[in-house]
Amino acid sequence: MNCLQTFVLMLSVLWLSADAESSNIKNIKLKRTLLGHGFHRDLITRLTLPPGITASLSKPQCTLLLIETLPSGVYADPYQLNSLKLFGGSQVLFDSPVNVENAEFLSRSHELYIFVNVSDHFTKDSTNHTEIDVSFPIHARYHKPSPDKTHAIVTILHPSLYSNCSESDVTSSITAPCDLSNTSICDWVPLTYLSTSAPLTLYVPVGQESHKPIVILVTLLVSITVSALLVKVMWISQTAKHDKHS
C-alpha cells in the first residue's frame, strides 16, 4: 500500500468516525425494560435526548407525546393510573374504555397517549444528555387454555414519539389530543429515535386443556360444599331466632 492509499484510508476512517459521532449526538435514544414478575409488571421507557434537542424542547409550552399500543394480551388499568397521577405518575390518556376483567380472547389492543413535559422532569447524565423515564404498570390478561403450550407470548412494540413544537412538513404530522384534558386537538410532529432494546416480550402462563375435567370437578365440589355450609349457617341462625321468640 503506497502513501496515497494510506492517506485516503486514514481520511475515510476519520470521516466515518466523525459521522458516527455526529449521528450519536443528534439522535434521540429509546430503551425499554419490564420490571417485576408474573402477571403484573412495570413498563419503563427511557428517552435520552442530546443537548441540542433538549434545548429546543425544554420550553414550557413544549410537550412530548408517546403513543403506546398495548396488544390484547395486556392492559393498563385506567383507575390505577388515575390514582398514581396524584403521586407524580405518568400523565396517561386512554383512547377508549378498557375492560380490566376480560380475558385476552375477548379483548382488543388499545392506545395510550402519554404526555411528557421535558422541562418538568429530567436528569442529566455524564455526557450532558437529558434522560427522561416514563413508567406505568401493566397487567397480563388470562389466555385460553392450550392443548400443548404452557405459556402464551405477548409482544409489546415500541411507541411512536411526537412533539408539539418541532418543525416539520405538515403532511408528516398527526392530530391527537393536546393534553390530558382531551378537550382539544393539536398537530404533533413525529420524532425519530434509535432503539437500544428489542421489542418487549412477556411469557404469560396458560392453563392446560387436559386439566379441564379436574378443574371443573374440583370447582363443582367446592361450590356445593360452600353452598351447603351457608345453608346450614342460615338454618341454624333462623332456628335460634325462632327459639328466642317462642
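Residues numbered from 1 in each chain as written. Predicted model: local features only at pLDDT ≥ 70, side-chain atom pairs only at ≥ 80, totals over all residues. Heavy atoms only, no water.

As annotated in an unreviewed UniProt entry, the chain carries the name Phosphatidylinositol-glycan biosynthesis class X protein and is attributed to Biomphalaria glabrata. Check the Sequence similarities (unreviewed entry) section of the UniProt entry for the chain; it says "Belongs to the PIGX family." Of the chain, the UniProt comment under Subcellular location (unreviewed entry) reads exactly: "Endoplasmic reticulum membrane". (UniProt positions renumbered as here; feature names shortened; annotations may be inferred.)

With that settled, the discussion passes to the environment of Phe 39. Structurally, the position occupied by Phe 39 is in the loop between strand S1 (28-35) and strand S2 (40-49). Considering only alpha carbons, one finds Phe 39 and Ala 140, 101 residues apart in sequence, at a separation of 4.8 Å. Apart from the residues within four sequence positions on either side, Phe 39 is in contact with Ile 138, His 139, Ala 140, Arg 141, Tyr 142, Val 204 and Pro 205. (Helix = DSSP H or I, 4+ residues; strand = E, 2+ residues; numbered from the N terminus. Contact = heavy atoms within 4.5 Å.)

For the rest of this paragraph, the subject is unusual backbone geometry. Despite not being glycine, Asn 182 has its phi angle at roughly 55°, a positive value. With respect to the element layout, Asn 182 can be found in the loop between strand S11 (174-177) and strand S12 (185-190).

On the UniProt side, "transmembrane region" (unreviewed entry) is annotated at positions that read residues 214-235 here. Annotated as residues 214-235, this span is 100% helix and 0% strand, and its ends, taken at the C-alpha atoms, are 31 Å apart.

As for its placement among the helices and strands, Arg 41 is situated in strand S2. In this structure the C-alpha to C-alpha distance between Arg 41 and His 139, which are 98 residues apart in sequence, comes to 6.3 Å. Apart from residues lying up to four places away in sequence, Arg 41 is in contact with Leu 34, Leu 35, Gly 36, Phe 136, Pro 137, Ile 138 and Leu 202.

Consecutive residues of a regular strand have side chains that alternate between opposite faces of the sheet. Side chains Ile 28, Leu 30, Arg 32 and Leu 34 of S1 all project onto a buried face; the interleaved residues Lys 29, Lys 31, Thr 33 and Leu 35 project onto a face where none is buried. The pairing of S1 with strand S13 (residues 193-195) spans three bridges and is classified as parallel. Within S13, the position partnered with Lys 29 by the bridge is Leu 194. When S1 meets S2, the two strands line up antiparallel, connected through seven bridges. Pairing of Lys 29 across the sheet is with Thr 48, part of S2. Taking the residues between adjacent antiparallel strands as the criterion, S1 and S2 are bridged by four residues, where Gly 36 takes a positive phi near 100°. (Buried < 20%, exposed > 50% of the residue type's maximum accessible area, 1.4 Å probe, protein only. Pairing = 2+ DSSP bridges.)

Our focus in this paragraph is a nonpolar patch on the surface. Where nonpolar side chains cluster on the molecular surface, the patch consists of Ile 214, Val 218, Val 222, Val 226 and Leu 230 and spans about 450 Å² of accessible area. The exposure class assigned to Leu 230 is exposed, which follows from its relative accessible area of 51%. (Patch = residues over 30% accessible without salt bridge, like charges linked within 9 Å, V, L, I, M, F, W, Y side chains within 5 Å. Areas by Shrake-Rupley, 256 points an atom, 1.4 Å probe, with all protein chains shown as cover. Salt bridge = Lys/Arg side-chain N within 4 Å of Asp/Glu carboxyl O.)

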